[in-house]
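# Per-entry structural report
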Amino acid sequence: MNMEPMKYKAYLLSNFKTIPQLEKMNAEDIEAIEVVGNVLPFKVNNYVINELIDWDNYKTDPIFRLTFPQKEMLSHTDYELMRKTLQNTQDKAKLKEIANKIRYKLNPHPAGQMELNVPSVGEHKLPGVQHKYDQTALFFPSSGQTCHSYCTFCFRWAQFVGMDDMKFAMRETDLLVQYLEEHQEVTDLLFTGGDPMIMSYKVFSQYITPFLSQDNKTNIQTIRIGTKSLGFWPYKFLTDADADDFIALFKKIVDSGINLSIMAHFNHPNELKTQAVQEAVKVILATGAQIRTQSPLIKGINNSADVWAHMWREQVNMGMIPYYMFVERDTGAQHYFEVPLEQAWYIFRKAYQQVSGICRTVRGPSMSCTPGKVQILGVTEIEKNGKMQKAFALRMIQGRNPNWVGKVFFAKYDSKASWMDDLQPFYGNEFFFNEELREMIQNAG
Ligand SMILES: *Cc1c(COP(=O)(O)O)cnc(C)c1O
C-alpha cells in the first residue's frame, strides 16, 4: 500500500479544545460543543477533522454538522439548563444528573428495542442479540460498542453516554452460535454496534471463527458488518497495524462460501472523495466482499435530491451497492434533523429519477419502527366516503410478523408528520398490524 500511515487520534470533551481548527470557529459555536456534548455523545478524529471538513465554511459543512454538536440540537430551555449548570459546577455527579434529566426527555430507546427483540437460549437471555426479522439476527459484540467518531443524529446515542451500560452487548459467541443453530431460519448475521470495525483483528476474528469452522451447524449464509469506518476511518483497512489481517479475514470468509457484505454507512458524498476511502473500498472489494451503503436522510446534512443522486452514482462508480435510505428516528435531537415524510419521499423520488436502474437497488425512505420497516411509497389520492382524499401510501419492507411483509396500507395525509407515530390510519381506527402488535408486546411484557 503506497499510502502514508495515519495514526488515529480522537478528540472527546476532555481534549477538544486542542483541535487546531477551533481557531476558525466563533465562541458561541465552541461553547455549544461543550454544552451539547455534555448531554449527547461527542467524539471526532483527526481524519474527519483534517480530510473531510471544510473549516472555512464549517457552519454549513455537512461533515461538521455530522460530527460536531450544535446549539439547536437541544431545546432552548435544556441548552440553558446545561450551560448554567456547567458555569456553576464541575461536580461530575451533578452534571450527570442534569444531563440524564435532559436525556430522558429525548426518547433514548426507540422502537421497542429494549423489551421486544432480545432472544434467549433455554434460560439464558442473549442481551447482545436482537432478532426481530426471521432471516436476520443482529449481534452487538461487547467490544464493538463505540465508533471512530460519533454522528450527531445517531439513534444509538444512549449507549455512548453510559445510559445503557451496554445493555445490548455480549462477549461470548457460544450462546450466539447455539441460538443460531436452533434457529435455522436465520441466514444473515449482522455485526453491529457501535461499530464492529473499532475492534482489533485479534478480538474481531474470535467472533468470526465459529462460522468458518468445519462443524458449524448454523444456517448463516451471509455475514454483514454494519460500519461507518469507511466514512470515518478508512485507514482501518489500509495502514492500521492489523489492516492486512482484516483483509485476509474478509477473503477467508468469502472463500469459505459465506457471502460477506459490508454495510457501509455514508451520509454525504464528501465522505467518498479522499484517496484513503477510495483505496479502502478497492482493497475490500478485491477480497470478494460486497459493500452496500445506507444512510438516514438528515436535515442540514443531506436533505437534497441532488446530494443523494450524486452519492448513489459515486458509490456505484466505486463498486458499491446503494441499499437503504432511512427516515431519521424519533430519538435524540430528532427535532433538529428530521425531514417531514412528504418531503423525504419527494427527495427520494427526485434523486431516484436522476439515476439509472443500476443505482435503484436502494430502498426508501424507510422508517425502522416497532412493527417493522415501513416504506413511504408516496402521497396519493384515494376515495373515502365518496370523496377523493390525500393519503400516504405505505409498504411494510420488513415486519415483526413475516406475514406483514409486502403489505401496502394507507395513512391520513399530514404535511407535518415526520415519523410513524405521527400517522393516523386512513381507513378504520387502526393500522392492519396494531392488534397483533399489541398482543406481541403483551406477551413480551
Ligand atoms: C434493518 C434491520 C434488519 C435488516 O433488514 P434487511 O431489510 O434484511 O436489511 C434486521 N434487523 C433489524 C432490527 C433491522 O432494523
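Residues numbered from 1 in each chain as written. Predicted model: local features only at pLDDT ≥ 70, side-chain atom pairs only at ≥ 80, totals over all residues. Heavy atoms only, no water.

### Considerations on the pattern of salt bridges
In this structure the tally under the stated criterion is twelve salt bridges. The partner of Lys94 in a salt bridge is Glu97, with the nearest N and O atoms 3.9 Å apart. Of the two residues, Lys94 and Glu97 are both situated in helix H5 (residues 92–104); the distance of three residues between them amounts to about one turn of the helix. Measuring nitrogen to oxygen at the nearest pair gives 3.1 Å for the salt bridge that ties Asp188 to Arg224. With Asp188 in strand S7 (residues 188–191) and Arg224 in strand S8 (residues 222–227), this pair connects stretches of sequence that are 36 residues apart. Each member of the pair, Asp188 as well as Arg224, is classed as buried. Salt bridges sharing common partners tie together Glu80, Arg83 and Lys84. (Salt bridge = Lys/Arg side-chain N within 4 Å of Asp/Glu carboxyl O. Helix = DSSP H or I, 4+ residues; strand = E, 2+ residues; numbered from the N terminus. Buried < 20%, exposed > 50% of the residue type's maximum accessible area, 1.4 Å probe, protein only.)

### Observations concerning the domain arrangement of the protein
Domain boundaries in the protein define domain 1 (5–106) and domain 2 (113–329). Put simply, the middle of domain 1 and the middle of domain 2, counted by C-alpha atoms, are 26 Å apart. Contact residues are listed per partner, giving 29 residues for domain 1 and 29 residues for domain 2. With both sides pooled, the region where domain 1 packs onto domain 2 buries about 2400 Å², and carbon together with sulfur makes up 65% of that total. Among the residues domain 1 hides against domain 2, the three largest losses belong to Pro41, Tyr47 and Leu66. Together they make up 28% of the total. Applying the counting rule to domain 1 against domain 2 returns zero salt bridges. The tally of links between domain 1 and domain 2 comes to 13 residue pairs in polar contact (both at pLDDT 80 or more). Residue assignment for the side of domain 1 that touches domain 2 shows that the elements contributing at least two residues are strand S2 (44–45), helix H2 (46–52), helix H3 (62–67) and H5. (Domains from an automatic or database assignment. Contact = heavy atoms within 4.5 Å. Buried area = accessible area lost by both parts, 1.4 Å probe. Polar contact = N/O pair within 3.5 Å; in protein donor to acceptor, adjacent residues only side chain to side chain.)

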